[in-house]
Amino acid sequence: MGILEVQNVNKRFGGLQALDNVNLDVEEGSIHAIIGPNGAGKSTLLNCFVGRLVPDTGTVMFNGNSLLGIKPHEINQLGVSRVFQTPEIFTDLSVLENVMIATFAHRDGAFKLNAIDPVRKEVDIRDHAEATLLDVGLQDKRNMVASSMSRGDKRRLEMAMCLSQDPKLLLLDEPTAGMARADTNRTIDLLKELAEKRKLTKVIIEHDMHVVFSLAQKISVLAQGHVIVEDTPENIKGHPKVREAYLGEAQV
Amino acid sequence: MTNAIFPSKANDRLLMIFFIIVVLAGPIILAPFGAGYPDLLQRFAIFGIFAIGFNILFGLTGYLSFGHAAFLGVGSYSAVWMLKLLSMNVIPAIILGVVISGLFALVIGYVSLRRSGIYFSILTLAFAQMSYNLAYSVFTPITNGETGLQILLDDPRVLDGGTKPGELPLTNLFGIPMNATQKVEFLGMTLQFNFGFYFCAVILILAFYLSLRIFRSPFGLMLRAVKTNQNRLNYTGVNTRPYTLAAFVISGMYAGLAGSLLASMDPLAGAERMQWTASGEVVLMVILGGAGTLLGPVLGAGFIKYFENIFSKINDNVLHSWFAFMPDGLENVMVTLVHPFVGKGWHLTLGLLFMAIVIFLPGGLMEGFNRIWRKITSKRETATSDTSSDAASTPAE
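What you see is a predicted model, and the numbers here were worked out from it, not measured in a lab.

(A) Geometry of the pairing of strand 4 (residues 57–62) of chain A. All names here are of chain A. In this sheet, strand 4 lies alongside strand 1 (residues 4–13) in antiparallel orientation, the contact comprising five bridges. Paired with valine 6 across the strands is valine 60, a residue of strand 4. Inspection of the sheet shows strand 4 paired to strand 5 (residues 65–66) by two bridges, in the antiparallel sense. In the sheet register, methionine 61 faces strand 5, and the bridge partner there is serine 66.

Here you go:
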């Protein structure tokens, strides 16, 4: 039994069968990658996990709870955090404030009318946020306005926000998209480090084979809306079906 | 632990002291500008409260309501009813005004906040215009239609009904009438210390203090996060709807407070207070002063009320006296040139000023002050590398 179980999920957009009977079983504590060519349905699948899309049929169970038909904030409160393809952060606020907001949401739940005591008195929240920033290597930039950071740092900040909530499952949508090689390698190192430090389940959607093969313990290959293979990285590399669907075009 | 980004307690205390002194000294500071008379001073304070409340919604969450005058009007009507039915003491009137406008805001906010951006603005505008028109038609038993709601000699006033016959009673606070004024001659000016103004001033100070607490609180931080990236906030586990609704109701109650104060100073309520131009005015006040800043809204409210009441009274005679030192021909040319910008043309000056501020100082007058302040301080000590990330929240030291 995995922490995230996807069974027979179908999603149709007009004439396009975006997801075709998808099954997925993500083991607790593992890094599970979902790869596939453009338009294979990777992002659609991820959107079904976080409440942005509702599949036409099928079930998505997380830790014994169905994730279908509930709102994004409720899914997050169950312990699922998401990193977006383009970093979604609070650009007008400082780096520390960004992480503190996530920490508040984790401590206080979806809503708390905490309008009288000042933020500066919330020492615990602040310490926790600073510790998380240290984990991702942004402690020196905590007073910067988030919008003024590089893309790589924004990604780190977004991860820090997710990590500060101590999630059970972290969903990463192309965490290295649009990054330079050096930044990509830094991100891989960060993810590896985090995997060792925190026993946190991660689902990664990725284009970059280099990233996938250096991180994942298990890979699902998605093509035209269905999972064609699910296996370990070693077996995926040589798999003829995968070659045909995907790797035939890319050098690995 | 010292922190650069969270304003310290000492900083906030300084800001409060500064604010209290300036407000209480209002009659002295404004007298040289011809604005030191009670009626206008009361307006400064009341519209300051209105703008502070509007800023909690617009400045923090970015939700632009175009219907806040409705809450002002509802506050006024409720207050006048309380004056008619219960007592000429303003306290029950103000309490009822705030409560009723809060309930009104809860209903309108609950519906309007289902949409954001321009759709939200249009929904609030529609509600306010609906209230405005209903006040003239269906609700005339409550609003007294075009005549407006006013106190009458035969009102029941169950608590203090027995006033002198043939004379309308005055609004008061436990017996002290709102129009009690102490005149003091000072340096050739007549300073007028009016009880009504000081009553409004104390409430303004309390309203400002509450807004300061909200700005600094986790709730305020969440509201700013709503403005920046609502999507991220949802995926961070926060239900944004109750946050925005709370902000909407709080700002509606501020508007109701302002409305009931208007009625407390002059026991009269008319539907024109709810018209869309009145809703637009508070938007202008907040943007002019600086949306999302603490002092900006009060400053913007003062600016617009000053223009409306003082600038509009400058006629050609006044202009001639200004330019009297010039030779006759030049004097007439100057008067002709300035004429369109003052008196009835005060809107033109205000409009140009507003455009200049929005273009050159998008953060409003407060941004201008902060820039000047930073220039002064950076000249004095260039060594400090204080990343004042939130320029808005460190004003006026």
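(B) Summary view of the interface of chain A and chain B. The partner chain B presents 36 residues to the 45 residues of chain A that form the contact. Counting each side, the surface lost to burial between chain A and chain B is near 3600 Å², with a carbon and sulfur contribution of 62%. By the criterion of area lost to chain B, the three top residues of chain A are A:Phe90, A:Arg120 and A:Asn143, representing 18% of everything that side buries. Counting the contacts that link chain A with chain B gives four salt bridges. Salt-bridge contacts for B:Arg224 lead to A:Glu97; the nearest nitrogen and oxygen are separated by 3.1 Å. Within the residue set of the side of chain A that touches chain B, elements represented by two or more residues are helix 2 (72–78), strand 6 (80–83), helix 3 (95–108), helix 4 (123–136) and helix 5 (151–163) of chain A. Of all the elements, helix 3 of chain A adds the most residues to the side of chain A that touches chain B, at seven residues. Per-class residue counts for the side of chain A that touches chain B are 23 nonpolar, nine polar and 13 charged.

(C) Spotlight on unusual backbone geometry. All names here are of chain A. In this structure, asparagine 8 takes a positive phi of about 50° despite not being glycine. In this fold, asparagine 8 is placed in strand 1. In this structure, glutamate 174 is a non-glycine residue whose phi angle is positive, near 45°. Inspection of the secondary structure assignment puts glutamate 174 in the loop between strand 7 (169–173) and helix 6 (181–197).

(D) Region of interest: the confidence of the model for chain A. Taken residue by residue, chain A gives an average pLDDT of 88. The fraction at 70 or more is 97%. In the model of chain A, helix 9 (residues 240–247) of chain A stands out as the element of lowest mean pLDDT, 71, in contrast to helix 3 of chain A, which has the highest, 95.

(E) Seen up close, the domain arrangement of chain A. Residues and elements named next belong to chain A. Segmentation of chain A into domains returns domain 1 (1–79 + 168–252) and domain 2 (87–166). Computed over C-alpha atoms, the centres of domain 1 and domain 2 are 26 Å apart. Facing 22 residues of domain 1, the contacting portion of domain 2 comprises 16 residues. Carbon and sulfur atoms make up 52% of the surface buried where domain 1 meets domain 2, a total of about 1500 Å² over both sides. Broken down residue by residue, the surface that domain 1 buries against domain 2 is led by Gln77, Leu190 and Arg198, which jointly contribute 32%.

(F) Examining the layout of surface pockets more closely. Residues and elements named next belong to chain B. Taken as a whole, the largest pocket holds about 970 Å³ of empty space. Elements supplying a minimum of two residues to the lining of the largest pocket: helix 1 (9–24), helix 2 (26–30), helix 3 (38–61), helix 8 (195–216), helix 13 (296–309) and helix 17 (364–380). Sort the elements by how many residues they give to the lining of the largest pocket and helix 13 lands first, with seven residues. Residue composition of the lining of the largest pocket, grouped by class: 26 nonpolar, three polar and one charged.

(G) Spatial organisation of the nonpolar core. In this structure, A:Leu157, B:Ile49, B:Phe199 and B:Leu261 are the most contacted members of the largest nonpolar core, which totals 124 residues. Taken domain by domain, the makeup of this core includes at least three residues from each of domain 1 (1–79 + 168–252) and domain 2 (87–166) of chain A. Those residues in contact with B:Phe199, other than ones at most four positions away along the chain, are B:Val90, B:Ile91, B:Ile94, B:Leu173, B:Met178, B:Leu261 and B:Met265. Ranked by size, the runner-up nonpolar core spans 27 residues in total, among them A:Leu4, A:Val9, A:Leu24 and A:Leu169.

(H) Focus on the sheet that holds strand 6 of chain A. Residues and elements named next belong to chain A. Pairing in this open sheet of six strands is mixed, and the strands run 6-7-8-3-9-10 from one edge to the other. If you trace the sheet from one side to the other, it starts and ends with strand 6 and strand 10 (226–231), each paired once. Taking each pair of neighbouring strands and ignoring which way they run, the sheet shows an average axis angle of 20°. Strand contacts of helix 6: strand 3 (31–35), strand 7 and strand 8 (201–205), with the helix running at about 160° to strand 8, the strand carrying the most contacts.

(I) Looking closely at the UniProt feature "transmembrane region" (unreviewed entry) in chain B. Residues and elements named next belong to chain B. Sequence positions flagged by UniProt for "transmembrane region" (unreviewed entry) are, in local numbering, residues 15–37, 44–66, 86–111, 195–215, 242–262, 282–307 and 348–369. When the span residues 86–111 is considered, its composition is 85% helix and 0% strand, and the gap between its end C-alpha atoms is 33 Å. Helix makes up 100% of residues 195–215 and strand 0%. Its end C-alpha atoms lie 30 Å apart.

(J) Geometry of the sheet that holds strand 5 of chain A. Residues and elements named next belong to chain A. Strand order in the open sheet made by the four strands is 2-1-4-5, with antiparallel pairing throughout. Strands with a single pairing partner mark the edges of an open sheet, and in this sheet they are strand 2 (16–26) and strand 5. Against the sheet, helix 1 (residues 42–49) touches strand 1, strand 2 and strand 4, its axis set at about 60° to strand 2.

(K) Structural view of the packing of aromatic side chains. What the rule picks out here adds up to 15 aromatic pairs over all chains. An angle of 35° between the planes, with centres 5.9 Å apart, marks the rings of B:Phe54 and B:Phe58 as tilted. Within this pair, B:Phe54 and its partner B:Phe58 are both found in helix 3, separated by four residues, close to a single helical turn. A residue is classified by how much of its surface remains accessible, and B:Phe58, at 14% relative accessible area, is buried. On the numbers, 5.0 Å between centres and 70° between planes, the contact of B:Phe197 with B:Tyr198 is edge-to-face. Residue classification places B:Phe197 among the buried positions, given a relative accessible area of 4%. When the ring centre of A:Phe84 is taken as reference, the NZ or CZ atom of A:Arg82 above it lies at 4.4 Å. Here the basic side chain of B:Lys84 rests over the ring of B:Trp81, its NZ or CZ set 5.6 Å away from the ring centre.

(L) Expanded view of empty space enclosed by the protein. For the structure shown, the criterion picks out two cavities of 30 Å³ or more. Here the largest cavity is characterised by a volume of approximately 50 Å³. As for the largest cavity, its lining consists of A:Phe104, A:Ala105, A:Asp108, A:Gly109, A:Lys112, A:Asn114, B:Pro218, B:Phe219, B:Met222 and B:Tyr243. Broken down by class, the residue content of the lining of the largest cavity amounts to six nonpolar, two polar and two charged. Approximately 40 Å³ is the volume attributed to the second largest cavity. Contributing to the lining of the second largest cavity are A:Val50, A:Pro72, A:Ile75, A:Asn76, A:Val80, A:Arg82 and B:Tyr235. Among the secondary structure elements, those contributing two or more residues to the lining of the second largest cavity are helix 2 and strand 6 of chain A. The leading source of residues in the lining of the second largest cavity is helix 2 of chain A, at three residues. In terms of residue class, the lining of the second largest cavity is built from five nonpolar, one polar and one charged.

Parameters and conventions
Residues numbered from 1 in each chain as written. Chains lettered and ligands numbered in written order. Predicted model: local features only at pLDDT ≥ 70, side-chain atom pairs only at ≥ 80, totals over all residues. Heavy atoms only, no water. Pairing = 2+ DSSP bridges. Helix = DSSP H or I, 4+ residues; strand = E, 2+ residues; numbered from the N terminus. Contact = heavy atoms within 4.5 Å. Buried area = accessible area lost by both parts, 1.4 Å probe. Salt bridge = Lys/Arg side-chain N within 4 Å of Asp/Glu carboxyl O. Nonpolar A, V, L, I, M, F, W, Y, C, P; charged D, E, K, R; others polar. pLDDT = per-residue confidence, 0-100. Domains from an automatic or database assignment. 1 Å grid on protein atoms, 1.4 Å probe; cavity = no way out; pocket = protein on both sides within 12 Å on 5 of 7 lines; lining within 4 Å. Points joined across faces, edges and corners; volume = space filled by probe spheres on them. Core = buried A, V, L, I, M, F, W, Y, C linked by side-chain atoms within 4.5 Å. Buried < 20%, exposed > 50% of the residue type's maximum accessible area, 1.4 Å probe, protein only. Axes fitted to C-alpha atoms, helices over the stretch in contact; angles between N-to-C directions. UniProt positions renumbered as here; feature names shortened; annotations may be inferred. Phe/Tyr/Trp six-rings, centres within 6.5 Å; stacked < 30°, edge-to-face > 60°. Lys NZ or Arg CZ within 6 Å of the ring centre and 35° of its normal.

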